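Understanding the architecture of this molecule
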Amino acid sequence: MTSTEERIRVLESFPLDDSSTSVQGPTLPLSIDTNYNFYYRDSNAYETRWVEETKQLTETEDLLKRGEHFVTVVYTYRCCSKALPQVKSTEQPNRNQIYEGTIDILEPEIKKLKDFMAFQRETNEKFCEYIKQFIYGKKKPSEVFMWQLVRMLDLLALLDVLKNMKASFNNDFSAYKRALGFSKKKPTSQVDQDKATQENHQLHLFLANQNSITTQLKSDLEAPELEGYQDVLAHIANMCAEYFEEGRYVTPSDKFRLLRVMPYIIFLMDHADAKKSVLKCKAIKPERFAKIFKQYPIVPLYGDMQTTLVTVLQRAPNYDEETWGVGRVSDAKLAVEYELHHSLPQARSNYTSYLARFHAVMNEIKLHLRNVADAEESGEIPSAGPDGVVPLSPAPVPEILSREVRSLILRGYQLLTDWTGRVLAQAAWKYAHPNQDQKIETEYERYVRYNYSANDKLALIEFIAMLKGLADSMLKEEAILVPILRASIHDEVQDFVQNQMRDLLRQLSKKADKKKGARDELLELRKLAADWAGGIEPDDPTLKGQKPAGNIPPPSIPRRAVPPSPTQLDLMRNIVYGFITQRGKKEIFSEKDFSDKDVEVLKAFYHTSFYYPYLLDYAGTIRNITDLGDLWYREFYLELTKRLQFEIDMSLAWILCDHILESGNTAMMEYLLYPLDIYNDAAQRALSALNQRFLYDEIEAEVNLAFDQLVYKLSDQTYTYYKLRASAMLLDKDYRKQLEQAFPDKVPRYHVPKSRLEVLLRQRHISLLGRSIDLNALVSQRLNNAIRRNLHYAIARFEASPITAVVEFEILYNNIKMMHHLMSEVLQLDPWEAIVAEVDSSLSLASFHGRIVLHILFEFVSDLTPNFVYNSITKRFIRAASLGREEEAVPREAQPKPNIQFLYGSKMLTQAYAAVGDLTSGFFGLPHLHSCLRLIGKSSVALLTEQLLQNMDLKLHNVLEPYFNQLAAGMPSDKSSLPQYEYGTYAAFEYFKAKLKDIIDYPVLVPEAFQHFREWGNAVVLLSLLETATVELDSITATHAASFLGIIPDRPRAKKNLPQANEMLAPAALAALTPAGSSPLCKTAKNLKSTLERIKDGVSLGKAPSMVPFIVEEANRADRVYRPTAGSHSLFKVALHGIKRMLKPFRSAWVHSVSTAGDQLPPSDSILPIEQTKEFYRVWSALQFVFLLDVADNIDFQKPSLELFGDGIHWAGCTIMHFLGQRHRFEALDFAYHVQRMNDVLPFESVVNDERSRATMVTFFHRLALVRDVNETAFRVLDAFLPVESSPAVSELHPPKTESSTTFLTSASAASTADQSRPVSQYAAGTALAPPTAPVAPTAPVAPAAPMPPAGMPAPPANQVYSPAPSTELYGIPPPPDSMPPPPPPPGDYGPEDESDDDDDDEDESSEEEYDETPADMPPPPFDPNMPPPPPPAW
């Protein structure tokens, strides 16, 4: 950078965070008055005949200043005697101290009242003195002096009204006199006592009599020495009417002053003598004033006080209703004039058009100034004058543009005055027309709180916003406009003095002897105001009555931004006023002295110069016009209701703010801060005008409370708005269309709401009572807490719900996250990760894991694995039927109360999302695991796996092992070899039922043993599904990041070692083709860095060069994070390794066979024991066979075991057998499988004719088909992830050379074939169940149907969330028989005996005999069916 200017330009190019739209009135952090008025104390510096009048103007100004002080004293006076202790009896010991203290406190206040009384007397005397001077004086007063008299009359009228309404004066004065009478503290001399008594008596009369000031003034004016006072007052009244009709006022206070003074003057003019009535005065035209009074019958007076003009006129002695007719106008017609909502459309139009014009002119001025600055910088225009001195004035603006600026500012003044006047006039109208509802308790509420309708409030808010917004726009350009206005006024004055007066001066100079007075007056004016070029007056031939030669140019006017001083300007206007008004036979100037053209020039300058003081005091005029402090003050009603202060709900400023927040009108939201300017104006008046600290303290206290409430409500509405916005954005589009069709009258509720909140929330520097407030920070602080509460509510709601609610919780979680993202675009919120870590307690010293992770783990262990059944086809868990166990009741926290704001923002959206959540609330599957993984992240998956494995290990040692030992003890003690095919399917089925009778009768088999195996198996299934969900999410992430990392699935073979285009590569292999650091993401970051580091014209393109290297670093870091790794890690494989280690201690007990005596078989026995063993697979085979039956507990629960426990129990058995290497033994020697194989050869239908038995067998084989598919699926999955070698056979057995049962098998097979050739109807005679002709395909369990949405609400589309949940009717199993099947038939019924059987037949026969004799001869097995279950595990 070569210069400071370039550095500044670079700084100007930086965008500022708080460069937002201004939604507040003009701020005043520091008040600087650059237009100080000396009030004519510098008049001696000028030589004119009007200088003497300026001395009287100085006196009146001082008098008015003192009057403003007494207005402040009277209006803000509060009763002091109420706060003082009272003497209750004459015998009270401290009564003298109380009296003396009362005197000490009240004496300064009484002194103020006496000064007030003396001031009004002095003011009356001065006013009468001025009137007398004008009656008998030769010179007419100027309009400036007449205006001072108007101000004096308005002051006296105001003081009289204020005195009348202050009853506290009399109360304090009475308390003072009472204390003074009993006190010993009195003047020492009798003269002082008499003087004090006389003063007190006069003060008593002054305070006690109503309208005493006006009465005294009227009496003084009617004195004989003021015989012609009516003419002077009539002149003042006509001047006021002329000013009002022509709109010759700038501020609203001047407008209302004119309205108040006119009836007051008429009252003073009216004499008790009918001959001297005001109606007899020819200078007063009643119809002129009546027209004005009818249009504005009610006028603001001061603060919260108003006056009705007709009441002033009615006090006149000769008041005539027909003449004035003020009271004839109805309130309905007047309401159109006073109520703002009637004039709001026109005000909007004026505001829009003026603002557009204002900004267009400002842009033109700025463009001109920029061009001038560029020309000076390039040297085209010298920046210094010919003398080498740089001028202090700004670059000249074209005269046409400067005149347009001046007319534009005056138009702005006019609009602001009109709007402010209407606002104050409406307040006065409301004060004069209170709400007459008898239910309103507080009197002040009738005037303010319940007196404004919704339309009135909205119109008032918009008017305040327009006038404050326009004032703010105008004041922001003060630095540019004020020099232009000063230069324009200077040029216009000099043009009038040096050019326009030349012709008039030349004409008067021709006959200097005859028109000497007029010529001298003009020369005084010229000398008073002329600013000659170079400071030297040129030799002007017009002073000699000659025309200037053609080659002599007119005097050059120096361009300066130096306007005339206030005194200088008033003297100029007085001289011109004298030229205009003092012309005639009896006047100073004759009518021939000035032509009509000259008079028009003088009138034009006089009219234009009226606005010069207001234009010069640019900022002060705007602040004075837009002062709305009267809307807060309530001293009159505090005195009337005898209260110390009113509640905030009765404050108009807060009422307007609260109405914006509560009305729901989003278009008005950006106007929220404008009513707060009422507090600013009231506080400014309390400090600078009223000089009352206690009023400022009251305003400050109310502002603190009001602003705190405003921030609270604004934060609440902001939260609701962004909640609705996030909910509407996340709602599925197709689902929204269905909702709109179902509820056509509520379509907007499903869309993003419109609001202007963002403009309001970007405010960083709100000025309130001189303090700069960061609204953005305050709202951000509250919304940070609100987001934390909402997230806590969502987690608490999730903690009180089952694991099936995790999808609904994720939807709500994403809603809060989206809301936080939208808010972060405007507000300074904490990072989302920090909020989640804090609310989730994942960073707590008491826990290393968050609440979400812990609850998911808790639900997995306490509810999902023990209380759900798994369906391998749908891969879903559904809640199982109750087994009546105490452990089924899962302890959870109480559900928090519904909070619409913390859910989805509105009732309609909450119902819509509830219908979405209900679709997944009836089951648990992959969608839920996806939600779990997205919520807790991959870093917490290891915790879930570890805890599930620990739980499985504890359950295996503490629960499953004791149960297995008990069940193994219940296995048949004798030989339990597989029945031969000769017995038939049904006989084998009954054989196994008889052998397993003890296990079937085990009382806790179903509710405990099966339950715990189900729980263990569900954990295995859950780990498998967790693996599937993790892989799916990783694949999605890799797909999203592929384009940034340069990973292209189908890449043509262009180089060696590259695959063909049709060859699919793994993500890791694809990632290897594009090494880290060379991905498109990293290349783009490097190119961006090189671009930002370029230096053009000595300036870096990057705004913050130190941050540029971080771009490349972050890109490289993202590349490493999202790039797939070469190694593949299987979560389920790791879990299976843990299960394998878990089962290692049980191999010695569950793998080796055991003899009848309990000793291990000797190693020399190389044949696999199949007749009598208690290995795990054999015990599990028994359990699986019993599982397929309907035992007593199944009949009690009215559900089969397959529906009670699902597929998880089989996953448990298969997992254990897989890692014990017993899969093939199980598949070969399983009881149920053996019966199935027998049925495949010899169907049971050929021998079973009983319908109940046939139904039992059909149900058994149907269930077996389902269970077998589950077992095969489980074995395949386990073998795919972690194959295990099966236990090898010690030796192999070969079949005999001759099969003795060949004949039997051949005949049986032929019979079976013949039976199968018959129609199925022959088997189904008399029964409703037909045997399946083909293997029955497993039927997926169907979870309960999703609950229907609220009445009339459509169900969400399936592609929006997940497919419908399955039903609880599992597998379509036919209902069990009413009772258990009959006992098995005798062995002789199994089939015809073959006489030709050899020894093998004898062995079979002996086996049959043993089986037949077992119930009678053999002792009962050692297994006790009634034995209690093992103790519950300690896990």
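Our subject is the structure that appears above.
The following paragraphs examine the structure supplied in this document. (Residues numbered from 1 in each chain as written. Predicted model: local features only at pLDDT ≥ 70, side-chain atom pairs only at ≥ 80, totals over all residues. Heavy atoms only, no water.)

This part covers the pairing of strand β5 (residues 868–871). Remark: a regular strand shows side chains that alternate across the two faces of the sheet. With burial as the criterion, each face of β5 is covered, one bearing Phe-868 and Tyr-870 and the other bearing Val-869 and Asn-871. As judged from the 4 bridges shared by β5 and strand β6 (residues 876–879), these two strands associate in the antiparallel manner. Considered in β6, the bridge of Phe-868 is made with Arg-879. Between β5 and β6, which follow one another and run antiparallel, lie 4 residues, and Lys-875 among them has a positive phi close to 55 degrees. (Buried < 20%, exposed > 50% of the residue type's maximum accessible area, 1.4 Å probe, protein only. Helix = DSSP H or I, 4+ residues; strand = E, 2+ residues; numbered from the N terminus. Pairing = 2+ DSSP bridges.)

Turning to the environment of Asp-1269, a few remarks are in order. Residue placement: Asp-1269 occurs in helix α52 (residues 1251–1281). Sequence separation of Asp-1269 and Ser-872 is 397 residues, and the distance between their C-alpha atoms is 9.2 Å.

Once that is clear, we can look at unusual backbone geometry. Even without a glycine there, the phi angle at Asn-211 is positive, about 60 degrees. Looking at the element boundaries, Asn-211 is found in the loop between α6 (190–208) and α7 (212–221). Residue class for Asn-211 comes out partly exposed when judged on its relative accessible area of 23%. Notably, Lys-875 is not glycine yet its phi reads approximately 55 degrees, a positive angle. Mapped onto the elements of the fold, Lys-875 is located in the loop between β5 and β6. When its relative accessible area of 39% is taken as the criterion, Lys-875 is described as partly exposed.

The next point concerns the packing of aromatic side chains. Here the structure, examined in full by the defined rule, presents 59 aromatic pairs. Aromatic pair Phe-605 and Tyr-612: ring centres 6.4 Å apart, planes at 75 degrees, arrangement edge-to-face. By relative accessible area, which is 5% here, Phe-605 ends up buried. Residues Phe-964 and Phe-1176 carry aromatic rings whose centres are separated by 5.2 Å and whose planes lie at 25 degrees to one another, so their mutual orientation is stacked. With a gap of 212 residues between them, Phe-964 in helix α37 (residues 941–969) and Phe-1176 in helix α46 (residues 1176–1187) connect regions that are remote in the sequence. One exposure class covers both Phe-964 and Phe-1176, and it is buried. Ring pairing ties together the aromatic residues Tyr-986, Phe-989, Tyr-991, Phe-992, Phe-1185, Phe-1231, Phe-1244, Phe-1260 and Phe-1261, which thus form one cluster. We note Arg-634 situated over the ring of Trp-632; from NZ or CZ to the ring centre the distance is 4.4 Å. Against the face of Phe-923 rests Arg-876, its NZ or CZ located 3.9 Å from the ring centre. (Phe/Tyr/Trp six-rings, centres within 6.5 Å; stacked < 30°, edge-to-face > 60°. Lys NZ or Arg CZ within 6 Å of the ring centre and 35° of its normal.)

What follows deals with the pattern of salt bridges. All told, the structure shown has 62 salt bridges when counted by the stated rule. Of the charged contacts in the structure, one is a salt bridge between Lys-112 and Glu-109, with a shortest N-O distance of 3.8 Å. Separated by 3 residues within a single helix, Lys-112 and Glu-109 lie in helix α3 (residues 95–136), roughly one turn from each other. Residue Lys-112 is classed as partly exposed on the basis of its relative accessible area of 38%. A cluster of three or more residues bridged by salt bridges with shared partners is formed by Glu-143, Glu-242, Glu-246 and Arg-248. (Salt bridge = Lys/Arg side-chain N within 4 Å of Asp/Glu carboxyl O.)

In short, shape yes, function no, at least from these values alone.
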